[in-house]
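Read off the chains here:
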Amino acid sequence: MSESERDIEPLGERAVPPERALLDVRGLRVSYGGRGWGRRRGQIAVDGVSLSVAPEETLGLVGESGSGKTTVARCVAGLLGPGAGKLTFDGRPLGRAGRRPPELRRAVQMVFQDPRSSLNPRMTVASVIAEVWSTHPVTAPTGDRTEALHRLLADMGLDPEVASRRAGDLSGGQCQRVSIARALAVRPRLLVCDEAVSALDVSVQAQILRLLIDLRARHRLAMLFISHDLGVVHQIADRVAVMHRGVIVEEGPTGEVLTAPRDPYTRALLDAALDLDDSVPGDGTADDKAVV
């Protein structure tokens, strides 16, 4: 078994029991208001979704655009309030981000789809990270912050000189690495990745996936990894939950779901997917180490 295969080995054959879950979502429902005059009801985006993520596990949440997976991610991250349902983290209720205690706000961090729009283009990378440490001072380094910043950037595969550059001057891949650094600067336990590689070139996607796999092992992270691409999810997820029209239609270990799907919708997604045998570069070659 290769090193990359050990990194993504499934945790087990069944869904995570609630008592073992780090993140537990039960009966989540979200609807958005309709448009125009005389509306009777809003549009249901998520209709009774239940899922769980164990400590250090990666759950892939997949589905086509409009399936409701991003709405689930935003509820978990606290950016959106659910209409109904219960979300808990390590046994504690999860509310909106503004109402969460600081330790829960730090514990759940999100990496967004568009790396450029998620950063202020006028801020330097050093300012981006300094702002996070200012907001959550308990996570700020006690020694030389410049040295700590350079170590953090090095963990992301970025040169120290990037610290003085503005976010608007960075490439898409560099911006996403900075976004991941910003999330990890507060030492989270769960990383919510919402289509975190879909806006990047294919070669850059592979590098960011390799980075996330390495960071997951190094920092003992759990991840909720949202994607429409089953080929990408195959590389990183221990388990997969498939969403269609606001509900989860299938869930199970990644290898099982992607090789012997039970639901017709999952089979349709597989028919449209790229070759699942493609692997994430991780052999230490020059291409794998390139920063883009």
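See the structure above.
Just so you know, these numbers come straight off a predicted model, no measurement behind them.

Here is what the cut-offs are and how they apply
- Residues numbered from 1 in each chain as written.
- Predicted model: local features only at pLDDT ≥ 70, side-chain atom pairs only at ≥ 80, totals over all residues.
- Heavy atoms only, no water.
- Helix = DSSP H or I, 4+ residues; strand = E, 2+ residues; numbered from the N terminus.
- Buried < 20%, exposed > 50% of the residue type's maximum accessible area, 1.4 Å probe, protein only.
- Contact = heavy atoms within 4.5 Å.
- Areas by Shrake-Rupley, 256 points an atom, 1.4 Å probe, with all protein chains shown as cover.
- Pairing = 2+ DSSP bridges.
- Axes fitted to C-alpha atoms, helices over the stretch in contact; angles between N-to-C directions.
- 1 Å grid on protein atoms, 1.4 Å probe; cavity = no way out; pocket = protein on both sides within 12 Å on 5 of 7 lines; lining within 4 Å.
- Points joined across faces, edges and corners; volume = space filled by probe spheres on them.
- Nonpolar A, V, L, I, M, F, W, Y, C, P; charged D, E, K, R; others polar.
- Salt bridge = Lys/Arg side-chain N within 4 Å of Asp/Glu carboxyl O.
- Polar contact = N/O pair within 3.5 Å; in protein donor to acceptor, adjacent residues only side chain to side chain.
- Core = buried A, V, L, I, M, F, W, Y, C linked by side-chain atoms within 4.5 Å.

A.B. asks: Explanation requested: the overall build of the protein chain in the structure shown.
C.D. replies: Helix and strand counts for the protein chain come out as 11 helices and 10 strands. The buried share among the 292 residues of the protein chain stands at 49%. Sequence-distant contacts, at least 24 apart, represent 68% of the contacts inside the protein chain between residues at least 6 apart. Accessible area for the protein chain stands at about 14,300 Å²; split by element, carbon and sulfur atoms hold 47% of it.

A.B. asks: Would you explain the sheet that holds strand β8 (residues 222–227) in this entry?
C.D. replies: The strands making up a sheet associate through hydrogen bonds between their backbones, and the pairing can be parallel or antiparallel. Strand order in the open sheet formed by 6 strands is β6-β7-β8-β3-β9-β10, with mixed pairing between adjacent strands. At either margin of the open sheet sits one strand with a lone partner, and together these are β6 (108–111) and β10 (247–253). For this sheet the average axis-to-axis angle between neighbouring strands, irrespective of direction, equals 15°. Strand direction decides the pairing type here: strand β9 (residues 239–244) and β10, joined by 6 bridges, are antiparallel. Looking across to β10, one finds that V240 is bridged to G252. Contacting β9 and β10, helix α10 (residues 264–272) crosses the sheet at an angle of about 105° to β9.

A.B. asks: For this particular structure, what's the right way to read the layout of surface pockets?
C.D. replies: Where empty space is left becomes clear once a probe the size of a water molecule has been rolled over the atoms. Its volume calculated, the largest pocket comes out at about 420 Å³. Around the largest pocket, the lining comprises 18 residues; the ones closest to its centre are R105, V108, Q109, M110 and H136. Those elements giving two or more residues to the lining of the largest pocket turn out to be β6, α4 (125–135) and α6 (172–184). It is α4 that provides the largest number of residues to the lining of the largest pocket, a total of 4 residues. Residues belonging to the lining of the largest pocket are distributed by class as follows: 10 nonpolar, 4 polar and 4 charged.

A.B. asks: It is not clear to me how the sheet that holds strand β5 (residues 92–93) should be interpreted in this structure. Could you clarify?
C.D. replies: Read from one edge of the open sheet, 4 strands run β2-β1-β4-β5, paired in antiparallel fashion. Looking at which strands have only one partner, the edges of the open sheet turn out to be β2 (43–53) and β5. Strand direction decides the pairing type here: strand β1 (residues 23–32) and β2, joined by 8 bridges, are antiparallel. Looking at the pairing, S31 lines up with I44 of β2. Of the strands in this sheet, β1, β2 and β4 (84–89) touch helix α2 (residues 69–77), which is tilted by about 120° from β1.

A.B. asks: Sorry if this is basic, but what is going on with the pattern of salt bridges here?
C.D. replies: A full pass over the atoms with the stated rule returns 14 salt bridges. One salt bridge connects R29 with D47, and the closest N-O pair in it is separated by 3.3 Å. Of this pair, R29 sits in strand β1 while D47 sits in strand β2; the two residues are 18 residues apart in sequence, bridging distant segments of the chain. Where E57 meets R239, a salt bridge forms, and the shortest distance between an N and an O atom there is 2.5 Å. One end of the pair, E57, is in the loop between β2 and β3 (58–62); the other, R239, is in strand β9, and 182 residues separate them in sequence. Through salt bridges with shared partners, a single network forms among E57, R239 and E251.

A.B. asks: Looking at this structure, how should I read the side chain of S67?
C.D. replies: Its location among the elements puts S67 in the loop between β3 and α2. A distance of 2.8 Å separates a polar side-chain atom of S67 from the backbone oxygen of E64. Ignoring sequence-local partners within four residues, the contact set of S67 consists of A45, M243, H244, R245 and G246.

A.B. asks: Could you clarify how one ought to interpret the nonpolar core in this entry?
C.D. replies: Considering soluble globular proteins, one finds that nonpolar side chains tend to be buried as a cluster. Counting 55 residues, the largest nonpolar core has I129, W133, M156, I180, L191, L212 and F225 as the members making the most contacts within it. When residues in this core are grouped by element, the largest group, 7 residues, is from helix α7 (residues 202–219). With residues up to four places along the chain from it excluded, the contact list for L191 reads Q109, V111, A183, L212, L221, A222, M223 and L224. Grouped together as the second largest cluster of nonpolar side chains are 32 residues, A45, V53, A241 and M243 included.

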